[in-house]
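What follows is the residue order along each chain.
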Amino acid sequence: MFNWFKNLFKSKPNKVKKRFISDDESNSMRKYREDKMNSILEKISKKGYDSLSQHEKNFLNNYKNNL
């Protein structure tokens with residue numbers, strides 16, 4: 001009985017609700033990332049890696065980590 005009472009006041013883990021996205025949303029997000037990646041790679045080929053902004057470098061790093 002004591003365990004029941006003790007467990008009554010324990011915090012319960014929150015359930016994470018996943019949002020499912022449609023194929024159109026998924027395709028548009030993928031297209032956006034590909035276009036952004038292509039523009040960054042083009043900038044690197046023309047001006048070099050040092051010409052990238054910190055935001056662009058972060059994007060490349062995140063893209064690399066999510067492969």
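For every chain, the first residue of the written sequence is number 1, and numbering continues from 1 along that sequence. Under the rules for a predicted model, residues below a pLDDT of 70 receive no local features and side-chain atom pairs below 80 are neither given nor counted, while totals for whole chains, interfaces and linings still include all residues. Hydrogens and waters are ignored; side-chain quantities use all the structure's heavy atoms.

Trainee: Looking at this structure, I do not really get the overall build of the chain. What am I missing?
Mentor: Runs of H or I in DSSP of at least four residues are treated as helices and runs of E of at least two as strands, each being numbered from the N terminus. Per the secondary structure count, the chain includes three helices and zero strands. Helices and strands appear in the chain in the N-to-C order α-α-α. Classification of residues uses two cut-offs on accessible area relative to the type maximum, computed with a 1.4 Å probe and protein chains only: under 20% is buried, over 50% is exposed, and between them is partly exposed. Here the chain holds 67 residues, and the buried ones make up 10% of them. The Shrake-Rupley method, run with a 1.4 Å probe sphere, supplies the accessible areas, and residue values consider only the shown protein chains as cover. Put simply, the chain shows about 6600 Å² of open surface, and 54% of that area lies on carbon and sulfur atoms.

Trainee: Would you mind going over the pattern of salt bridges with me for this structure?
Mentor: Pairing between side chains of opposite charge can happen when their charged atoms approach one another. What makes a salt bridge here is a side-chain nitrogen of Lys or Arg within 4 Å of a carboxyl oxygen of Asp or Glu, nothing more. Taken as a whole, this structure holds three salt bridges when the rule is applied. Residues Glu56 and Lys43 are paired through a salt bridge, measuring 3.2 Å at the closest nitrogen-oxygen approach. Here Lys43 lies in helix H2 (residues 23-47) and Glu56 lies in helix H3 (residues 54-65), a separation of 13 residues in the sequence. Residue Lys43 is classed as partly exposed on the basis of its relative accessible area of 26%.

Trainee: Is there a simple way to explain the confidence of the model for the chain in this structure?
Mentor: Close inspection of predicted coordinates is inappropriate in any region flagged by low pLDDT. Averaged over every residue, the pLDDT of the chain is 85; the share at 70 or more is 84%. Least confident of the elements in the chain is helix H1 (residues 2-8), whose mean pLDDT is 66; most confident is H2, at 93. Values of pLDDT, which run from 0 to 100, indicate the predictor's confidence residue by residue.

Trainee: Would you mind showing me how to read the nonpolar core here?
Mentor: Side chains of a nonpolar character, in soluble globular proteins, are inclined to be buried together. By nonpolar core is meant a set of buried Ala, Val, Leu, Ile, Met, Phe, Trp, Tyr and Cys residues that side-chain atoms within 4.5 Å join together. Counting five residues, the largest nonpolar core is built from Met37, Ile40, Leu52, Phe59 and Leu60. Listed by contribution, the elements that provide at least two residues to this core are H2 and H3.

Trainee: Would you mind going over the packing of aromatic side chains with me for this structure?
Mentor: Each aromatic ring pair is described using two quantities: the centre-to-centre distance and the angle formed by the ring planes. Any Phe, Tyr or Trp ring, taking Trp's six-membered ring, that has another such ring centre within 6.5 Å forms a pair; planes under 30 degrees apart are called stacked, those over 60 apart edge-to-face, and the others tilted. Taken as a whole and judged by the stated rule, the model has one aromatic pair. Only when the NZ atom of a Lys or the CZ atom of an Arg is both within 6 Å of the ring centre and within 35 degrees of the ring normal do we say a charge sits over the ring. Directly above the aromatic system of Phe59 lies the positively charged group of Lys36, at a separation of 5.0 Å from the ring centroid.

Trainee: Help me understand the packing of H2 against H3, please; the structure alone is not making it clear to me.
Mentor: For any two helices packed against each other, one specifies the inter-axial angle together with the distance between the axes. Every axis in this analysis is a line fitted to C-alpha atoms, fitted for helices over the stretch in contact. Angles between the N-to-C directions lie between 0 and 180 degrees. Relative orientation of the contacting elements H2 and H3 amounts to 120 degrees, with a least axis distance of 11 Å. Considering their axes alone, H2 and H3 lie oblique with respect to each other. Like other packed secondary-structure pairs, H2 and H3 cross with a definite hand, here left-handed. In this structure, H2 contributes Arg33, Lys36, Met37, Ile40, Lys43 and Ile44 to the contact, and H3 contributes His55, Glu56, Phe59, Leu60 and Tyr63. Under the convention adopted here, Pro, Cys and the residues Ala, Val, Leu, Ile, Met, Phe, Trp and Tyr are nonpolar, Asp, Glu, Lys and Arg are charged, and Gly plus all remaining residues are polar. Residue classes in the contact of H2 with H3 are distributed as six nonpolar, one polar and four charged. Any angle between 65 and 115 degrees counts as roughly perpendicular, while under 35 counts as roughly parallel, over 145 as roughly antiparallel, and the rest as oblique. Here a crossing is taken to be left-handed if its near helix is turned anticlockwise relative to the far helix by less than a right angle, and right-handed if that turn runs clockwise. Note on definitions: a residue-residue contact is assigned when non-hydrogen atoms from the two residues lie within 4.5 Å.

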